[in-house]
Amino acid sequence: MRSAQLFAPEDLRIVEMPTPEPEAGQVLVRVMAYSPYGTDVGTYLNKGGRYVSEYPIGIGADFSGIVEKCGPGVDDVQRGDRVSALALDHCGTCANCSNGRTNLCLDPEFQTFVRQTACEEFTLVSACKLARLPDVVSFEEAAMLAGPVDALNAFEQMGLKAGDEVTILGVGAMGLGAIATAKALELRTIAVGGSGKRAELARRMGADEVHPIPHHGYDLAADLLANDKSAAAILETTASAWGIEQSFKLASPGGAIALTGGPDLPATAWTLVERELRLFGVKGGAGQAQILSLIAEGKLDLASGISRRFDFEEANDALALLASEEARDVGRVIIRIGDYENAKETPS
Ligand SMILES: [Zn+2]
């Protein structure tokens, strides 16, 4: 099979590799669409040497495909099924998994993160991670579930319901997915960030208010607070020092902040106490099926966020675009790995 492998930062090449065999509990999936997001860009650049310790290495987490072959003991899916899987794996039997909190699996084996690779013709996936796609959900939509699943988890933890207001920090891949999900759940959405066309995309995805920034790192919170615009619920999607600092400035007394990653907090215990701030960590989520239902019902529109499509052979160009200054004008990027226009009729 052909697989995209990183040989060094910014050096992604398509090479021939043996097609893997599914072992017990595993499924071999023929990849159709892969949509890179921030973590992939971090891996591509190996920012701060934090993402990759040895080369070559595969890349890609958010994808969709068709079941090609099931390993022993797999009976939930079968060859030909259209599926999607997120990065986190789980045991399926511990107390948290039994309660549907599979992203917080208690089994130590699943607490160390194993990289999912999707930028290749076939990928091996643990069967319990797979979600079957409703017929009306496209392979492209199903390759963009990570942001919405994170957002759903965050909104649930913050206790938001229809009509409530949420401020979403960042309008990258994760932020745009979060905005679309907020819209689907009938939240009032304020998008903060974006210095290029991504701010327009935020509006198209359903944000009720958009506050772009004139340049990277701008202190927009100061402007918003000067206009009495503090925030009762914030989802921070940039996982950056800037986004986290903006979140802590914007949060109103009694406010909630959901974090998806990033460096040190700009806060002491007193910061939390004085404003009774509530902090939530968002580690993926378990709402894949619910997100797929929202797409199938026509409530969640992810397709409008797609800016560019690349062929598999152009995978390096796609990642290079997302790592460049031009990315501020680009929404989601899809890498077409399988021939999904014809895939439905011929699950060979
Ligand atoms: Zn578990």
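Residues numbered from 1 in each chain as written. Predicted model: local features only at pLDDT ≥ 70, side-chain atom pairs only at ≥ 80, totals over all residues. Heavy atoms only, no water.

Describing the side chain of Ser 64
Looking at the secondary structure, you find Ser 64 in strand S5 (residues 63-70). Among the polar contacts made by the side chain of Ser 64, one reaches the main-chain carbonyl oxygen of Phe 139 at a distance of 2.7 Å. Other than its neighbours up to four places away in sequence, Ser 64 contacts Arg 30, Val 31, Met 32, Ala 33, Val 83, Ser 84, Leu 133, Phe 139, Ala 142 and Ala 143. (Helix = DSSP H or I, 4+ residues; strand = E, 2+ residues; numbered from the N terminus. Polar contact = N/O pair within 3.5 Å; in protein donor to acceptor, adjacent residues only side chain to side chain. Contact = heavy atoms within 4.5 Å.)

A few points about unusual backbone geometry
Cis rather than trans, the peptide bond between Tyr 55 and Pro 56 has omega equal to -10 degrees. Mapping Pro 56 onto the fold places it in the loop between helix H1 (38-45) and strand S4 (57-58). Located in the positive-phi region is Asp 228, a residue other than glycine, with phi close to 60 degrees. Note that Asp 228 resides in the loop between helix H6 (220-226) and strand S12 (231-236). Residue classification places Asp 228 among the exposed positions, given a relative accessible area of 74%. Of note in this structure, Ala 239 is not a glycine but carries a positive phi near 50 degrees. Tracing the backbone through its elements, the reader meets Ala 239 in the loop between S12 and helix H7 (241-250). (Buried < 20%, exposed > 50% of the residue type's maximum accessible area, 1.4 Å probe, protein only.)

Some remarks on the sheet that holds strand S9 (residues 165-169)
Strand order in the open sheet formed by six strands is S11-S10-S9-S12-S13-S14, and the pairing between neighbours is parallel. Each edge of the open sheet carries a strand with a single partner, namely strand S11 (209-211) and strand S14 (278-281). This sheet shows a mean twist of 20 degrees between the axes of neighbouring strands, independent of strand direction. Of the strand pairs in this sheet, S9 and strand S10 (residues 188-192) are connected by five bridges, and their pairing is parallel. Paired with Glu 165 across the bridge in S10 is Arg 188. Its contacts with the sheet place helix H4 (residues 173-184) against S9, S10 and S12, and it is angled at close to 170 degrees to S9. (Pairing = 2+ DSSP bridges. Axes fitted to C-alpha atoms, helices over the stretch in contact; angles between N-to-C directions.)

With respect to the pattern of salt bridges
Summed over all chains, the structure comprises 17 salt bridges. Note that Arg 188 and Glu 209 form a salt bridge whose closest N and O atoms lie 3.1 Å from each other. Taken as a pair, Arg 188 in strand S10 and Glu 209 in strand S11 lie far apart in primary sequence, 21 residues in all. We classify Arg 188 as partly exposed; its relative accessible area is 31%. When the shortest N-O distance is used, the salt bridge between Arg 336 and Asp 311 registers 3.4 Å. You can see Arg 336 sitting in strand S16 (residues 332-336) and its partner Asp 311 sitting in strand S15 (residues 306-311), a full 25 residues away along the chain. Accessibility expressed as a relative area gives 29% for Arg 336, which makes it partly exposed. (Salt bridge = Lys/Arg side-chain N within 4 Å of Asp/Glu carboxyl O.)

Some points on the nonpolar core
Ranked by internal contacts, the top residues of the largest apolar core, which has 58 residues, are Phe 155, Met 158, Val 166, Ile 179 and Leu 235. Take this core: its biggest share by element is eight residues, from H4. Composition of this core by domain shows at least three residues from each of domain 1 (2-144 + 302-343) and domain 2 (147-281). With residues up to four places along the chain from it excluded, the contact list for Phe 155 reads Leu 160, Val 166, Ile 168, Ala 178, Thr 181, Ala 182, Leu 185, Leu 187 and Leu 235. Ile 57, Val 77, Val 125 and Ala 318 belong to the second-largest nonpolar core, a separate cluster that totals 34 residues. (Core = buried A, V, L, I, M, F, W, Y, C linked by side-chain atoms within 4.5 Å. Domains from an automatic or database assignment.)

Looking at helix H10 (residues 315-322)
When H10 is considered as a whole, its buried residues turn out to be Ala 315, Ala 318, Leu 319, Leu 321 and Leu 322. Buried positions in H10, seen along its axis, are confined to an arc of 155 degrees and lie on one side of it. Check the buried side of H10 and you find it contacts strand S2 (11-16), strand S3 (26-34), H1, helix H5 (198-204), S15 and S16. (Arc of directions from axis to C-beta.)

A closer look at the domain arrangement of the protein
Parsing the protein into structural domains produces domain 1 (2-144 + 302-343) and domain 2 (147-281). Measuring from the centre of the C-alpha atoms in domain 1 to the corresponding centre in domain 2 gives 26 Å. Contact residues are listed per partner, giving 15 residues for domain 1 and 16 residues for domain 2. Summing both sides of the interface, domain 1 and domain 2 together bury roughly 1,200 Å²; the carbon and sulfur share of this comes to 60%. Counting across the interface, domain 1 meets domain 2 through zero salt bridges. (Buried area = accessible area lost by both parts, 1.4 Å probe.)

Some words on the packing of helix H3 (residues 146-157) against H4
Two elements in contact, H3 and H4, have axes separated by 7 Å at closest approach and are oriented at 55 degrees. Of the possible angle classes, the one that applies to H3 and H4 is oblique. The crossing of H3 and H4 is right-handed. Of H4, the residues touching H3 (which contributes Ala 146, Gly 147, Pro 148, Asp 150, Ala 151, Leu 152 and Phe 155) are Met 174, Gly 177, Ala 178, Thr 181 and Ala 182. (Parallel < 35°, antiparallel > 145°, perpendicular 65-115°, else oblique. Left-handed = near helix turned anticlockwise from the far one by under 90°.)

Description of the packing of aromatic side chains
Think of a pair of aromatic rings as described by two things: how far the centres are apart, and how the planes are tilted against each other in angle. Throughout the structure, instances matching the rule amount to one aromatic pair. Between Phe 139 and Tyr 340, the aromatic rings sit 6.1 Å apart at their centres with planes inclined by 50 degrees, giving tilted as the arrangement. Highlighted residues: Phe 139 in the loop between strand S8 (130-132) and H3 and Tyr 340 in helix H11 (residues 340-343), separated in sequence by 201 residues. The burial state of Phe 139 is the same as that of Tyr 340; both residues are buried. (Phe/Tyr/Trp six-rings, centres within 6.5 Å; stacked < 30°, edge-to-face > 60°.)

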